[in-house]
Amino acid sequence: MSKKYQLVVKLINERIDRQSYQPGDKLPSIRELSTQLAISKNTVIRAYQQLEASQLIEAHPRSGYVVARRASPSIATISEPGYVDLMSLSKEIMSLPLSRHVLAAGSAHPDTDFPAIRSLYAEIGRHSRYQTNIPSHYQLPPGNEELIRQIVFLTQDLGITTSAKEILITHGAQQAISLSLQAITQPGDIVLVESPSYFGNLLLLESLGLKVVEIPASVTTGIDLKALEQALERWDVAAIIINPSFNNPTGYLMSQPDRLHFLDITHGIPIIEDDVFGRLAYGHRPSPLKALDSENRVIYCNSLSKTLDSRLRIGWVIAGQYQHQIEKRLMTDNMGSLNLMQSAVGQFLTTGKYRQHLSKIRKSYSKKHRLFYQTFTMELDHYPQLKNQYHLSQPEGGFLCWLTLPETADSNAIYRDALQHDITILPGNMFSTQSQHNHCIRISFATFEINDSWTKGLKTLARIIASHLDTR
Ligand SMILES: Cc1ncc(COP(=O)(O)O)c(C=O)c1O
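Keep in mind it's a predicted model, so treat the numbers as computed, not measured.

Reading the values: the criteria
- Residues numbered from 1 in each chain as written.
- Predicted model: local features only at pLDDT ≥ 70, side-chain atom pairs only at ≥ 80, totals over all residues.
- Helix = DSSP H or I, 4+ residues; strand = E, 2+ residues; numbered from the N terminus.
- Contact = placed C-beta atoms within 7 Å.
- Domains from an automatic or database assignment.
- Nonpolar A, V, L, I, M, F, W, Y, C, P; charged D, E, K, R; others polar.
- Pairing = 2+ DSSP bridges.
- Axes fitted to C-alpha atoms, helices over the stretch in contact; angles between N-to-C directions.
- Near = placed C-beta within 6 Å.
- Core = buried A, V, L, I, M, F, W, Y, C linked by C-beta atoms within 7 Å.
- Buried ≥ 20, exposed ≤ 12 C-beta atoms within 10 Å, placed from the backbone.
- Expected span 1.5 Å × (residues − 1).
- Arc of directions from axis to C-beta.
- Parallel < 35°, antiparallel > 145°, perpendicular 65-115°, else oblique.

**A short note on the overall build of the protein chain**
Working step 1: A count of helical and extended segments in the protein chain gives 16 helices and 16 strands.
Working step 2: Projecting the C-alpha coordinates of the protein chain onto the three principal axes gives extents of approximately 80 × 55 × 40 Å.
Working step 3: A separation threshold of at least 6 residues defines the contact pool for the protein chain, and within that pool the share at least 24 residues apart is 76%.

What follows is the structure, encoded as structure tokens:
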């Protein structure tokens, strides 16, 4: 039989693996844990000493024990290659009508209540009236010339060296990622993704008959690079999809050194960089992987869905060495697309209003995040079964955050209960092919305001979450 201290080591290990404890999190004090588990302080001390020796936790002079910055989940949490089966769950959740919800915190649509969005739709109106004056034609790839010119400028802002010849306009980032996968993989190939991972990308793997290996990713620092290296040693990998800046769902931001290390260990493998939240940094953001890529193998996918409006369906791909294959598919996929939208958005981008808008929304989301975090954690902390037992991510950009609850929480049941109260959130199991995130919830604070609807909604949500947890 295991000794008591070994059981404590196992418990803390599991909490780190399942991300209930994140790198940098303070662990319960020796006294707290000995009371909570009804064991002696010496048992806790021995367990903490063993965890410290394995470099999973660190003793900090004034704050006690904290989870090490590089606490790596065990190899067991890397999934075996398998097919995705998320279509029915995602369809059910995504097709819910938005209007009846008191608090729509489930979807990842941006806040559209800004003057620039009104100008944009006025521009679309003008272009729409003009259509009968020009002969009908297909907007063939690569896409509208002015739009591409403007996207070159926007891309150069991020330190990516590019030119109009390298950009293909797509139907949102979704089509950019889909065509990229089609160009570089065959059904049955293995694609590595982060876990948790944006469900739209998992659905693409499902529909293309690709196998997925999920690599654990921390809520703060992103994909576990040691686990990634181990997976690359074990399997032949056709591609990696990564969303390293203000990740959906967790909001994590990969550091510059980690980006360089990531490129180093994935040498030669095509990388699909999904950067749809990348322009929403509250402060500084590291360079996109594309800007650091010396092998021309990063396929950079982006869109205006998170910064302007997802209804535009304007995205683009900068595909490096895979451009030709992707352009061929883009051509035959829909024989050109969205003439009106491409020309109107191209014109709108020439006005300079988009850059002003970006600077406004960054500030707005940063403020929303601060207030949302304060309000929601205050509500959660009212419940003893939640206080110090959850982790709410604090992104440095974007408008999504990830709530990690104690392992016994069933986010699907919480999701269904919340829906009965007209509150939408997304359950963690939408972001993986396995059940390891079923105790997590994704919440969008894009439309957060200090008003009755949000204040009451978050109070109710905290009550529902607490009601699903053991009070012992
Ligand atoms: C991480 C991520 N990638 C891609 C997409 C798809 O974006 P688009 O609306 O441009 O197709 C989304 C949309 O939610 C997303 O969150």
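**Some words on the domain arrangement of the protein chain**
When the parts of a complex come together, some accessible area is lost, and that lost area is often used as the size of the interface.
Working step 1: Along its sequence, the protein chain is organised into domain 1 (4–71), domain 2 (86–112 + 356–467) and domain 3 (134–353).
Working step 2: Computed from C-alpha coordinates alone, the two centres of domain 1 and domain 3 are separated by 38 Å.
Working step 3: Facing the 4 residues of domain 1 at the interface are 4 residues of domain 3.
Working step 4: Per-class residue counts for the side of domain 1 that touches domain 3 are 1 nonpolar, 3 polar and no charged.

**Here we look at the environment of Leu228**
Working step 1: Residue placement: Leu228 occurs in helix 9 (residues 225–234).
Working step 2: When the C-alpha atoms of Leu228 and Val276 are compared, they prove to be 23 Å apart, with 48 residues separating the residues in sequence.
Working step 3: Those residues within four positions of Leu228 in sequence are excluded, and the remaining contacts are Ile215, Ile223 and Ile265.

**Examining unusual backbone geometry**
Working step 1: Geometrically, the link from Ser195 to Pro196 is a cis peptide bond, its omega value of 5° lying close to zero.
Working step 2: Locating Pro196 in the fold gives a position in the loop between strand 5 (190–195) and helix 8 (199–207).
Working step 3: Asn248 connects to Pro249 through a cis peptide bond whose omega is 20°.
Working step 4: Along the chain, the position of Pro249 falls in the loop between strand 8 (239–242) and helix 10 (256–265).
Working step 5: Located in the positive-phi region is Phe246, a residue other than glycine, with phi close to 60°.

**Some points on the sheet that holds strand 11 (residues 314–318)**
Working step 1: Spatially, 4-11-10-9-8-5-6-7 is the arrangement adopted by the 8 strands of the open sheet, whose pairing is mixed. Each edge of the sheet is formed by a strand with only one pairing partner; in this case those strands are strand 4 (167–171) and strand 7 (222–223).
Working step 2: Of the strands in this sheet, strand 5, strand 6 (211–218) and strand 7 are in contact with helix 9, which crosses strand 6 at around 160°.

**Some points on the environment of Gly143**
Working step 1: Turning to its location among the elements, Gly143 is positioned in the loop between helix 5 (115–130) and helix 6 (145–157).
Working step 2: With 17 residues separating them in the primary sequence, Gly143 and Arg126 have C-alpha atoms 20 Å apart.

**Overview of the sheet that holds strand 12 (residues 391–392)**
Working step 1: Spatially, 12-13-16-15 is the arrangement adopted by the 4 strands of the open sheet, whose pairing is antiparallel. Since the sheet does not close on itself, it has two edges, and those belong to strand 12 and strand 15 (426–427), each with one partner.

**As for the site of the ligand**
Working step 1: In the region of the ligand, 14 residues are neighbours, and Gly172, Ala173, Gln174, Ser303 and Ser305 sit closest.
Working step 2: Per element, the largest residue contribution to the shell around the ligand is 3 residues, and it comes from helix 7 (residues 172–184).
Working step 3: Of the residues contributing to the shell around the ligand, the split by class is 4 nonpolar, 9 polar and 1 charged.

**A short note on the environment of Asn42**
Working step 1: In this structure, Asn42 sits in helix 3 (residues 41–53).
Working step 2: When the C-alpha atoms of Asn42 and His382 are compared, they prove to be 31 Å apart, with 340 residues separating the residues in sequence.

**Description of the nonpolar core**
Working step 1: The biggest cluster of nonpolar side chains holds 112 residues, and the ones touching the most others in it are Val191, Ile215, Ile299, Val317 and Val345.
Working step 2: A total of 7 residues in this core trace back to one element, the largest contributor, which is helix 7.
Working step 3: Both domain 2 (86–112 + 356–467) and domain 3 (134–353) contribute no fewer than three residues apiece to this core.
Working step 4: Setting aside its immediate chain neighbours within four residues, Val345 contacts Leu147, Leu304, Leu312 and Ile314.
Working step 5: Counting residues in each nonpolar core, the second largest holds 15 residues, with Tyr21, Leu27, Val44 and Ala47 among its members.

**Points about helix 1 (residues 4–17)**
Working step 1: Taking 1.5 Å per residue, 14 residues should reach 20 Å; helix 1 reaches 20 Å between its end C-alpha atoms and fits that length.
Working step 2: Every buried residue of helix 1 is accounted for by Val8, Val9, Ile12 and Ile16. Down the axis of helix 1, the smallest arc covering the buried residues is 100°, so these residues share one side.

**Looking at the packing of helix 9 against helix 10**
Working step 1: Running from N to C, helix 9 and helix 10 cross one another at 5°; their axes reach a closest spacing of 11 Å. Considering their axes alone, helix 9 and helix 10 lie roughly parallel with respect to each other. Between helix 9, through Leu225, Leu228, Glu229 and Leu232, and helix 10, the contact on the second element is made entirely by Asp258, His261, Phe262 and Ile265.
Working step 2: Of the residues belonging to the contact of helix 9 with helix 10, the class tally is 5 nonpolar, 1 polar and 2 charged.

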